[in-house]
Amino acid sequence: MSKTTTTTQPAEASEPAAEQPTALAQLGRLTEFDPRTLVVDPRNARKEGAKPDAALLASVSRIGVQEPISVRPLPDGSYGVFKGQRRWLAAVDAAEKAAKKGKPIRPVPAFVRDDLTDADSEALLLSLVENTQRRRMTDRDTISGAAQLELLGTNEVGRRRAAAVLGMSRDALKAAKQAAELKPEQLKEGTGYAFDLMELADLQSVEDIPRAAYRLYAAKKNDSQDAKQRRGNWQHELSQLREEQAAQRRREAATKALTEAGVKVLPHRSYDDTDRRLSDLSTGLGKRITAKAHATCGGHAARVDDDGEPVFYCTDPERYRHKIDGVPDAAEADAQAKKERARVIANNKAARAARTVRKEFITGLCRKALSEAAWALVLDAILHNADPVRRFPNKSDDNRNRDIAAFTKAADPKGKAEPFAELIKKTGKARRPNLLLAYVAAAYEAEVSDRAWESRDETARAWLTFLAGEGYQLSDHEAAIVAKAEGKPVTEFDAEEPTQPIEEPEPADEQPQDEPEENEASEEEQAEETARPEAEVVEPEEEPQEAPEEADSTEAEPESDTVPDEPQGADQEPAEAPEEPQADQVENAAEESAQE
């Protein structure tokens, strides 16, 4: 079945049409076909990769084929498709689905080349041109185009239609706005790892962290081995990266504030550094030196620790006549304290990152029908007045209600006498059990502190085990908490390293004070003594040599046998990502571009 449309006659040419065909004459006559009546031309050059992908199928299903295909008469009376095979196949798929539903068939527009009826070689040549001269849009253009669609959509209906035509979810189209902000090198790496728009948007939120793309790729590979296709590893890695980025920004802000205040900011320590913390120094009278009093010293400086707090130093205590306090085993004690602080910081960070992902999962869990295990947990906790539920009313109102509101997606209840009265009123019978689960979940979450990793925590073990049974992917940190509570060896627990080089913290009671303590000299006295040479200079104890600072530990390679080696060199593409698009990708992208 075909329907020929009326076309404008070509303008007169300086030479006869037979000798100088016009562009319109070369295209053929434009007509419409039921796509099911066409066949593949024997001279169609594309033999592999002709199957249309999901995006093309979705586009043709919604708006039809927008760019005409090309066909020619065959000896048996049929018409053969020699250009636009994938668009035609998508049209056939849409027609068959419409027919099954009793809906009208959308025809496919086509240029009929009667002049190629017996010209096999010319038909083959044109088919080759069709498949080789089209060029795929860049990833940046594709993402930017999707972002503009999201911004230009007049209403939600229009945006949803655009998403359907492009064969993507509404959330993916929303994510395009953020993905479009990726730096060029991060976009290249992310698309090389085959990240989708939502994954690229996640990458953009942490792109300032070194090797963020590779770490997310490693997590994605681990998730791909999950039979249930969950994204737990990705979510935990993303949360950890966000924690690291927040810490990095705190350090940057603290460094900027110190610099603007005229304080020299020191780099990480090396073997030959002579600087010492002010907490390790005293005046000639044996009084502590505060940062305020030391500000006039020529060696006044600071480093910024992992929490973004300044730790003050003197760059050359011997030169500026400061005494170095300490005991013979100070080096060993200092090294041990540094190692312990690094361990505490790393574990507390891991706990905070895991908590973010865990609460997102609980929110989703509280939107579903309760499983048998969830019912058992709720009934046991309430009827037996389990410790988390018994202690829960003693928590502050804001802390107690915050999680309940988050898990039920209720409005902020802060300051309300009956914070959940409206929620209870609006909740139907079928969903009332979810409110009970949200309450019990908030009670258990209130019991699982960031320091649960320090001892055998039975409450944390029971809660995390329950969540794992409901489909939650435990982070390595959470799995270690469970293992420790069960008495199993946890060798990796103490091996966790901080994500950034850790500087020795200044003890809390030795932070700079505005007023001197009773056993301290006045600020004026300290400043005078700092500037006055002592009669007898106390030689500083030998500085305990520290191991050279290692590279930023955010660059630690994910330890997984399933993750391929990271590309070597900035310009090298990931191992599994082809540098050039395959033929079907080229045509697909070109067709999608034309259909837009």
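Just so it is clear, the model here is predicted, and its values are computed rather than measured.

Help me get a handle on a nonpolar patch on the surface, residues and values and all.
Among the surface-exposed residues, Trp-375, Leu-379, Ile-382, Leu-383 and Leu-436 lie close enough to one another that they form a single nonpolar patch of about 470 Å² accessible area. Locating Trp-375 in the fold gives a position in helix α14 (residues 372-383).

How would you summarise the nonpolar core if you had to cite specific residues and measurements?
Among the nonpolar cores identified, the biggest contains 37 residues, and Ile-362, Phe-407, Trp-463, Phe-466 and Leu-467 are the most heavily contacted of them. Among the secondary structure elements, those contributing two or more residues to this core are α13 (330-365), α14, α16 (397-408), α18 (432-447), α19 (458-469) and α20 (476-485). With seven residues, the top contributor of residues to this core is α18. What Phe-466 contacts, discounting residues up to four positions off in sequence, is Leu-365, Ala-373, Ala-374 and Leu-377. In this structure, Ala-162, Phe-195, Ala-213 and Tyr-217 belong to the second largest nonpolar core, which totals 27 residues.

Talk me through the confidence of the model for the protein; I want residue IDs and the actual numbers.
Mean pLDDT over the protein stands at 76; residues scoring 70 or higher make up 72%. For residues 4-19, every residue scores under 50 in pLDDT, and the model assigns this stretch ten contacts once sequence neighbours within four places are set aside. Low pLDDT, under 50, characterises residues 492-596; the predicted model gives this stretch 204 contacts beyond four residues in sequence or across chains.

An account of helix α8 (residues 184-192) is needed here, citing residue identities and associated values.
Along α8, the residues classified as buried are Gln-186, Leu-187, Glu-189, Gly-190 and Gly-192. Phi turns positive, to about 65 degrees, at Ala-194, one or two residues after α8.

Please provide a residue-by-residue account of the side chain of Arg-113, values included.
Its location among the elements puts Arg-113 in the loop between β6 (108-112) and α4 (120-132). A distance of 2.8 Å separates a polar atom in the side chain of Arg-113 from a polar atom in the side chain of Asp-115. Those residues in contact with Arg-113, other than ones at most four positions away along the chain, are Gln-26, Leu-27, Gly-28, Val-71, Arg-72, Pro-73, Phe-82 and Leu-126.

Can you break down the environment of Trp-453 residue by residue, with the values?
Mapped onto the secondary structure, Trp-453 falls in the loop between α18 and α19. Spatially, the C-alpha atom of Trp-453 lies 8.2 Å from that of Glu-478, the residues being 25 residues apart in sequence.

I'd love a proper account of the pattern of salt bridges, names of residues and values included.
Evaluated as defined, the whole model comprises 34 salt bridges. Note that Glu-67 is salt-bridged to Arg-87, the shortest N-O span being 3.8 Å. Placement of Glu-67 in the loop between α2 (54-63) and β4 (69-73) and of Arg-87 in helix α3 (residues 85-100) is noted, with a sequence separation of 20 residues between them. Judged by its relative accessible area of 24%, Glu-67 is partly exposed. A cluster of three or more residues bridged by salt bridges with shared partners is formed by Arg-355, Arg-358, Glu-445, Asp-450 and Glu-478.

If you had to explain the packing of aromatic side chains to someone new, which residues and values would you point to?
Under the definition given, this model contains ten aromatic pairs. Ring plane angle 80 degrees and centroid distance 5.1 Å describe the contact between Phe-392 and Tyr-439, whose orientation is recorded as edge-to-face. Taken together, the residues Phe-392 in the loop between α15 (387-391) and α16 and Tyr-439 in helix α18 connect sequence positions 47 residues apart. Judged by relative accessible area, which is 1%, Phe-392 ranks as buried. When its relative accessible area of 29% is taken as the criterion, Tyr-439 is described as partly exposed. Ring centres of Trp-463 and Phe-466 lie 5.5 Å apart, and the angle between their planes is 20 degrees; on these two criteria the pair is classed as stacked.

Give a detailed account of the side chain of Lys-359, specifying residues and quantitative values.
Position of Lys-359 relative to the elements: it lies in helix α13. Here Asp-403 takes part through its side chain, which lies 3.0 Å from a polar atom of the side chain of Lys-359. Among residues more than four places away in sequence, those in contact with Lys-359 are Asp-403, Phe-407 and Glu-445.

About the thresholds
Residues numbered from 1 in each chain as written. Predicted model: local features only at pLDDT ≥ 70, side-chain atom pairs only at ≥ 80, totals over all residues. Heavy atoms only, no water. Patch = residues over 30% accessible without salt bridge, like charges linked within 9 Å, V, L, I, M, F, W, Y side chains within 5 Å. Areas by Shrake-Rupley, 256 points an atom, 1.4 Å probe, with all protein chains shown as cover. Salt bridge = Lys/Arg side-chain N within 4 Å of Asp/Glu carboxyl O. Helix = DSSP H or I, 4+ residues; strand = E, 2+ residues; numbered from the N terminus. Core = buried A, V, L, I, M, F, W, Y, C linked by side-chain atoms within 4.5 Å. Buried < 20%, exposed > 50% of the residue type's maximum accessible area, 1.4 Å probe, protein only. Contact = heavy atoms within 4.5 Å. pLDDT = per-residue confidence, 0-100. Polar contact = N/O pair within 3.5 Å; in protein donor to acceptor, adjacent residues only side chain to side chain. Phe/Tyr/Trp six-rings, centres within 6.5 Å; stacked < 30°, edge-to-face > 60°.

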